[in-house]
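# A closer look at the structure
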Amino acid sequence: MFLALTGILIFALTGTLLETARYTVCRNHAARTLRTATEGLMTEYSRPLYDNYRLFFMETAGTPYETVIAGYAGDTLEAAGQGDTDFLKGRIDEIRVTEKTYSGDGEAEAMQRQINQYMGRMVTKEQLEKLKKQSGEIAGTEERAKEIEKTVEEQKEAAELDEQMLALMQLVDGITVSDGKISCRNEFIKMFVVKGEKSQNFGISEPAVWKKMKEKLDNTPRHWESMKKETFLARVRKVLKLTEQAETEAQRLSASCRKISGSGGEFADHSKKMERLLEGLSVLAGNRRILEETEKILEGKLDAEGRQRLTAIWQNYDTASIVFDYTGVEETGGAKNPLDTLAACWGDGILRLVCENPDKVSGRKTAETDTFARMHGEEEKEGRDYGDSVTDLTQEEVHLSGAAGELAGYTMDEFCLDTYIQHQFRSFLSEGTSSEWKNSLAYQWEYIVAGKGSDRANLESVLNRILLIRTVADFTAIYRDSGKKSQAYAAAAAVVGFTGLEPLIRLVQTLILIVWALVEGLVDVAGLLQGRDVPVMKSPSQILTEFPQVFQISGGAITGRARKLKKADKNSFGYEKYLLLFLAVTGQGTRRYRIMDMIQWDMVKNGYTQFQLASCVSAVRVRGSFSFPARFFRFSGIAEILGRKIQEHSFSCEIWADYL
């Protein structure tokens, strides 16, 4: 009996040990089966997506993932259960995908990881540092652009005094100088002759100005007997209104002078001259009272006493105390402002000016842009229209900064992304290369940078951005040339009309130099599109545009001068390097989502009409439950010793599967 009991216990212990070992093996087998089955699922990635973009993603359309995984797992379990021993035979209780990582999750982080892995064999830190070094000079133009904007604002503040003084000149002297011509209005404050028709009695020292003013003078205050009462009264009323306007303008000028008083700077002497002018303008109040009194007298019956009263009060009408500086004024005629020329030619946009064949620019469009960014709530504000900066310039508003961006935080991840864009997508210059794969947009780099709905709009945005950078760089070279600055100053003096308005001349000179640099920038952009070498920073001798050519802005003239540049070599900073710079300063998430936009459009265009990149998955978390029948625990002796019947073992496991 003792041996029988001992034998049963030994048998039960052995069975338990075997069943426990089998339990561990089955559990590991279940985990391996689930992983193998999930990896089997992941072999069913989108082949066209991989072939054309080197990206691994699974589509979610068709058979559910759980069914596919269960199929692979069932085959494994069935194979394990065949043969003389079926210790690993089991069944699947449940397969459930508990989590999926979609293509756009986390600003398309999964795509970025795959790109890093793919491009890691092609890019190096040395290449990244080289790009940063090459872009360094261009990044420096940003600071220069801000300096130019600041200079213009300071000059405009000082020139505002001159603009107000010009308004006073028209009211007080009646004089306007425009396009090199002097004219005098019919009514003005100084028009009445009190002490004789001599230029010194009217504060005029320039013969050309005096000649025009003299033609409009009214001698009535010296000859009351021959006065035409109604005519003179109408004239007095008009001049009275002009005087009231002049007093208002004088107050504005005084406020402006106080605003910049004490600031010193290059226009300090001019400010003092304005203060002296304001002292002279104090006579306007007295003149106004004389005009008001004259109006009352003339409104009644004019008799001898009234004429005596007019004679008495008009002795104090002051036409000599207010003296404007007309230095340098002369009737040259035909003075042109380059801003007007620029405004006239800019209406058709930049493509007509810099492309040799603008009509051949791609006309492809897309219905919707930044689709994936909006889908994931990451849509950026609409980008700046760099062409507006040129339009603003024609209105004497200078906005040149913001085009170059900042590369300080540019990382290897981003460099991998941009190198991938270079390899997988096309730009304006590479658009002509042959490929069986069809693209919705021809200029794909440009879309990633600009995010607009047509090739033309994206190309224009990029070219306008390059133009701003080139304008700042070329302005620096032109400004260093004293001869070119002198030409611009002479032209500015001719536009303003006379040299007595120094701040206004300096402002116009700066604007002319900017337009000159902008026209040279157009030549640079045309050269880049022709594949020519355009130095990032030029010397004054490398400027191809002469001053007279600033007034000859046309596509033929621009592209013709660009052909004088030598062909680019491997060291040249060409069009696509500017694009690479713009990519680098575009938000990383924005770049990824715009890549996804183009992939989606192109997959559909190439016949994969059911493809939905938004639903594609790169990683899954899968939970599986398995059951294996008990073997040794089912013996009656062991079951009695254990006190219960164990029919099967159940296992649950979870795995995470990704393409990386």
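So, a few notes on the structure that sits alongside this text. Everything numeric here is computed off the predicted structure, so don't read it as measured data.

## A few points about the overall build of the protein
Each helix and strand in the protein was counted, giving 23 helices and five strands. For 660 residues, the compact-globule formula gives about 26 Å, and the C-alpha radius of gyration of the protein, at 42 Å, lies well above that figure. Overall, the protein is about 165 × 60 × 45 Å in size when its C-alpha atoms are taken along their principal axes. Among the 660 residues that make up the protein, the fraction classed as buried is 50%.

## Digging into the pairing of strand β2 (residues 175–178)
One face of the sheet, then the other: side chains in a regular strand alternate in exactly this way. The alternating pattern of β2 places Ile 175 and Val 177 on a buried face, while none of Thr 176 and Ser 178, on the opposite face, is buried. Between β2 and strand β3 (residues 181–184), which follow one another and run antiparallel, lie two residues, and Asp 179 among them has a positive phi close to 50 degrees.

## Quick word on the layout of surface pockets
Volume-wise, the largest pocket comes out at about 490 Å³. Looking at the largest pocket, it is lined by 25 residues, and the ones nearest its centre are Lys 381, Glu 382, Gly 383, Ala 450 and Arg 594. Only α16 (444–450), α17 (455–479) and α22 (588–605) provide two or more residues apiece to the lining of the largest pocket. A per-class count over the lining of the largest pocket returns five nonpolar, 10 polar and 10 charged. The volume enclosed by the second largest pocket comes to roughly 380 Å³. The wall of the second largest pocket is formed by 20 residues, among which Leu 166, Val 177, Val 495, Val 496 and Leu 504 lie closest to the centre. Secondary structure elements with two or more residues in the lining of the second largest pocket: α5 (125–172), β2, α18 (482–496) and α19 (502–529). When its residues are assigned to classes, the lining of the second largest pocket shows 11 nonpolar, four polar and five charged.

## Observations regarding helix α6 (residues 207–214)
All buried positions along α6 are accounted for by Val 209, Trp 210 and Met 213. Along the axis of α6, the buried positions cluster into a sector of 95 degrees, meaning they face one direction only. The exposed residues of α6 that point more than 90 degrees off its buried face are Pro 207 and Lys 211. Next to the buried residues of α6 lie β2 and β3.

## Points about the packing of helix α9 (residues 283–299) against helix α10 (residues 304–314)
The geometry of α9 relative to α10 is characterised by a closest axis approach of 10 Å and an angle of 175 degrees between their N-to-C directions. Taken together, α9 and α10 sit at an angle that is classed as roughly antiparallel. The residues of α10 that touch α9, namely those facing Ile 290, Leu 291, Glu 293, Thr 294, Ile 297 and Leu 298, are Gly 306, Arg 309, Leu 310, Ile 313 and Trp 314. The residue makeup of the contact of α9 with α10, split by class, is seven nonpolar, two polar and two charged.

## Concerning empty space enclosed by the protein
Scanning the entire structure with this criterion turns up three cavities of 30 Å³ or more. Of the voids in this model, the largest cavity is the one considered here, and its volume is about 40 Å³. Around the largest cavity, the lining residues are Ser 389, Leu 393, Glu 397, Val 398, His 399, Leu 400, Leu 468, Ile 514 and Leu 518. Among the secondary structure elements, those contributing two or more residues to the lining of the largest cavity are α14 (387–394) and α19. Considering only residue class, the lining of the largest cavity consists of six nonpolar, two polar and one charged.

## What to know about the packing of aromatic side chains
All told, the structure shown has 26 aromatic pairs when counted by the stated rule. Relative to Trp 314, the ring of Phe 232 has its centre 6.1 Å away and its plane inclined at 55 degrees; by these criteria the two rings are tilted. Of this pair, Phe 232 sits in helix α7 (residues 229–260) while Trp 314 sits in helix α10, and the two are 82 residues apart along the sequence. Across the ring face of Tyr 479, the terminal group of Lys 485 is positioned such that the distance to the ring centre comes to 4.1 Å.

## Concerning the environment of Gly 383
Residue placement: Gly 383 occurs in the loop between α13 (371–375) and α14. When the C-alpha atoms of Gly 383 and Lys 452 are compared, they prove to be 9.1 Å apart, with 69 residues separating the residues in sequence.

## Overview of the side chain of Asn 606
Within the fold, Asn 606 resides in the loop between α22 and β4 (617–629). Within the local environment of Asn 606, its side chain forms a polar contact with the backbone oxygen of Lys 438, the two atoms lying 2.8 Å apart. Looking at Asn 606, its side chain comes within polar contact range of the main-chain oxygen of Asp 602, at 2.6 Å. Those residues in contact with Asn 606 that lie beyond four places of it in its chain are Glu 436, Trp 437 and Lys 438.

## A few points about the sheet that holds strand β5 (residues 648–658)
Here three strands make up an open sheet; going across it, the order is β1-β4-β5 and the pairing antiparallel. Where the open sheet ends on each side, the last strands, each with one partner, are β1 (91–102) and β5. Each strand axis lies, on average, 15 degrees off the axis of its neighbour in the sheet, ignoring direction. Where β1 meets β4, 10 bridges bridge the pair, whose relative direction is antiparallel. Residue pairing across strands places Glu 99 opposite Arg 621, the latter belonging to β4.

## What to know about the nonpolar core
Membership of the largest hydrophobic core comes to 172 residues, with the highest contact counts inside it found for Trp 314, Val 354, Leu 522 and Tyr 575. It is α19 that provides the largest number of residues to this core, a total of 19 residues. When residues no more than four places from it in sequence are discounted, the contact partners of Leu 522 are Trp 346, Ile 350, Leu 353, Val 354, Leu 467, Ile 553 and Ile 558. Counting 24 residues, the second-largest nonpolar core is a separate cluster that includes Val 68, Phe 651, Cys 653 and Tyr 659.

## What about unusual backbone geometry?
Located in the positive-phi region is Glu 107, a residue other than glycine, with phi close to 55 degrees. On the basis of relative accessible area, Glu 107 is assigned to the partly exposed category, the value being 32%. Of note in this structure, Glu 396 is not a glycine but carries a positive phi near 65 degrees. Within the element layout of this structure, Glu 396 appears in the loop between α14 and α15 (412–424). On the accessibility criterion, Glu 396 (29% relative accessible area) is partly exposed.

## Some details on the pairing of β5
The side-chain alternation of β5 yields one buried face, formed by His 649, Phe 651, Cys 653, Ile 655 and Ala 657, and one unburied face, formed by Glu 648, Ser 650, Ser 652, Glu 654, Trp 656 and Asp 658. Summarising the sheet, β4 and β5 pair through 11 bridges and their orientation is antiparallel. Note on β5: the bridge partner recorded for Arg 623 is Glu 654.

Cut-offs applied
- Residues numbered from 1 in each chain as written.
- Predicted model: local features only at pLDDT ≥ 70, side-chain atom pairs only at ≥ 80, totals over all residues.
- Heavy atoms only, no water.
- Helix = DSSP H or I, 4+ residues; strand = E, 2+ residues; numbered from the N terminus.
- Rg over C-alpha atoms; globule rule 2.2 N^0.38 Å.
- Buried < 20%, exposed > 50% of the residue type's maximum accessible area, 1.4 Å probe, protein only.
- Pairing = 2+ DSSP bridges.
- 1 Å grid on protein atoms, 1.4 Å probe; cavity = no way out; pocket = protein on both sides within 12 Å on 5 of 7 lines; lining within 4 Å.
- Points joined across faces, edges and corners; volume = space filled by probe spheres on them.
- Nonpolar A, V, L, I, M, F, W, Y, C, P; charged D, E, K, R; others polar.
- Arc of directions from axis to C-beta.
- Contact = heavy atoms within 4.5 Å.
- Axes fitted to C-alpha atoms, helices over the stretch in contact; angles between N-to-C directions.
- Parallel < 35°, antiparallel > 145°, perpendicular 65-115°, else oblique.
- Phe/Tyr/Trp six-rings, centres within 6.5 Å; stacked < 30°, edge-to-face > 60°.
- Lys NZ or Arg CZ within 6 Å of the ring centre and 35° of its normal.
- Polar contact = N/O pair within 3.5 Å; in protein donor to acceptor, adjacent residues only side chain to side chain.
- Core = buried A, V, L, I, M, F, W, Y, C linked by side-chain atoms within 4.5 Å.

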